[in-house]
Amino acid sequence: MTPNEHHIKTPRTARMYTLGTFDGKGKHLWIVAHGYRHLAKDFINFFQPIADEKTIVVAPEGLSRFYLNGFAGPVGATWMTREDRVNEIYDYVEYLDNVTECMIERLDAPPSRITALGFSQGCPTITRWAAMGSVQPDDVVLWGGDTPTDLDFAAYTERMKKKTTRFVIGKNDDVITKDVFDLSVKLIKDNGLATTETYFEGGHTIPSDVLLQLKQDISNH
């Protein structure tokens, strides 16, 4: 007998971390998606330098966790794998919509701006959310990661046609090669969309000074 594959929707509890307070008006809301093997509680600390009275940072955690070394010890999270990937994509797009809507409801007033930042594996996550989600970010930042070649570029182009996709990468990044990075930029530019590219001295990380400059550039845009 041949097994038959089925799918069901089931509720589950997800985890996120925040920096900043929800009171007051004019908040700049950042939704930041971590890389492979990260946990949100660790990843969000990269964003301590930009958290202030006008900025709130939200780091959702990937819905799948696993032991990093065998069957015990440190734990990491991932946004998806290749197994049943289409449904995993739909699930995390819906999840990021829910996270953002929940954060907006908690704010005293609608955010003045929503910036979506993906780091490493979080880059494909953020671009797919921008293309498919019901909540639209004002900016997309792809940091040390790639544009998925199977992205719905028509949908992404329609939603980002008056917005900017910002690419950031360390000159010594040992995870994302220059060829992959250059292709990622080209895929967006070939659709007539605005991009910026920032290169910094360093590797696969998020330096405070580069992040602060990015925040200033976005605020002045």
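Rules used throughout
Residues numbered from 1 in each chain as written. Predicted model: local features only at pLDDT ≥ 70, side-chain atom pairs only at ≥ 80, totals over all residues. Heavy atoms only, no water. Pairing = 2+ DSSP bridges. Helix = DSSP H or I, 4+ residues; strand = E, 2+ residues; numbered from the N terminus. Axes fitted to C-alpha atoms, helices over the stretch in contact; angles between N-to-C directions. Parallel < 35°, antiparallel > 145°, perpendicular 65-115°, else oblique. Contact = heavy atoms within 4.5 Å. Nonpolar A, V, L, I, M, F, W, Y, C, P; charged D, E, K, R; others polar. Core = buried A, V, L, I, M, F, W, Y, C linked by side-chain atoms within 4.5 Å. Buried < 20%, exposed > 50% of the residue type's maximum accessible area, 1.4 Å probe, protein only. Patch = residues over 30% accessible without salt bridge, like charges linked within 9 Å, V, L, I, M, F, W, Y side chains within 5 Å. Areas by Shrake-Rupley, 256 points an atom, 1.4 Å probe, with all protein chains shown as cover. Salt bridge = Lys/Arg side-chain N within 4 Å of Asp/Glu carboxyl O.

A. Looking closely at the sheet that holds strand E6 (residues 113-119). Strands sit in the order E1-E3-E2-E6-E7-E8-E9 across an open sheet of 7 strands; the sheet is mixed. Taken across any chain shown, the strands that pair with only one partner, and hence form the sheet edges, are strand E1 (16-19) and strand E9 (194-200). Neighbour to neighbour, the strand axes of the sheet diverge by 20 degrees on average, direction disregarded. As paired strands, E6 and strand E7 (residues 139-143) are joined by 5 bridges and run parallel to one another. Of the residues in E7, the one forming a bridge with Ala-116 is Val-140.

B. The packing of helix H3 (residues 122-132) against helix H4 (residues 153-160), seen in detail. Two elements in contact, H3 and H4, have axes separated by 8 Å at closest approach and are oriented at 75 degrees. Put simply, H3 runs roughly perpendicular to H4. Facing Thr-127, Trp-129, Ala-130, Ala-131 and Met-132 of H3, the residues of H4 in contact are Ala-155, Tyr-156 and Arg-159. Looking at the contact of H3 with H4, its residues break down into 6 nonpolar, 1 polar and 1 charged.

C. Region of interest: the nonpolar core. By size, the foremost hydrophobic cluster in this structure holds 39 residues, and its most contacted members are Leu-29, Ile-126, Trp-129, Val-140 and Tyr-156. Take this core: its biggest share by element is 7 residues, from helix H2 (residues 85-106). Discounting residues that sit within four places of it in the chain, Trp-129 has contacts with Ile-31, Val-93, Leu-96, Asp-97, Thr-100, Ala-116, Val-135 and Arg-159. Grouped together as the second largest cluster of nonpolar side chains are 21 residues, Leu-19, Ala-40, Leu-211 and Leu-214 included.

D. Here's a closer look at a nonpolar patch on the surface. Together, Val-86, Tyr-90 and Met-132 make up a nonpolar patch on the protein surface, roughly 280 Å² of accessible area in all. Looking at where Tyr-90 falls in the secondary structure, it is placed in helix H2.

E. Geometry of the environment of Pro-111. Summarising the element assignment, Pro-111 is placed in the loop between H2 and E6. Relative accessible area serves as the criterion here: at 16%, Pro-111 is assigned to the buried category. Separated by 56 residues in the primary sequence, Pro-111 and Thr-55 place their C-alpha atoms 9.4 Å from one another. Residue contacts for Pro-111: discarding those within four places in its chain leaves Lys-27, Leu-29 and Ile-104.

F. Quick peek at the side chain of Lys-215. Position of Lys-215 among the secondary structure elements: in helix H6 (residues 208-220). Excluding anything up to four places from it in sequence, Lys-215 contacts Trp-30, Ile-50, Asp-52 and Thr-55.

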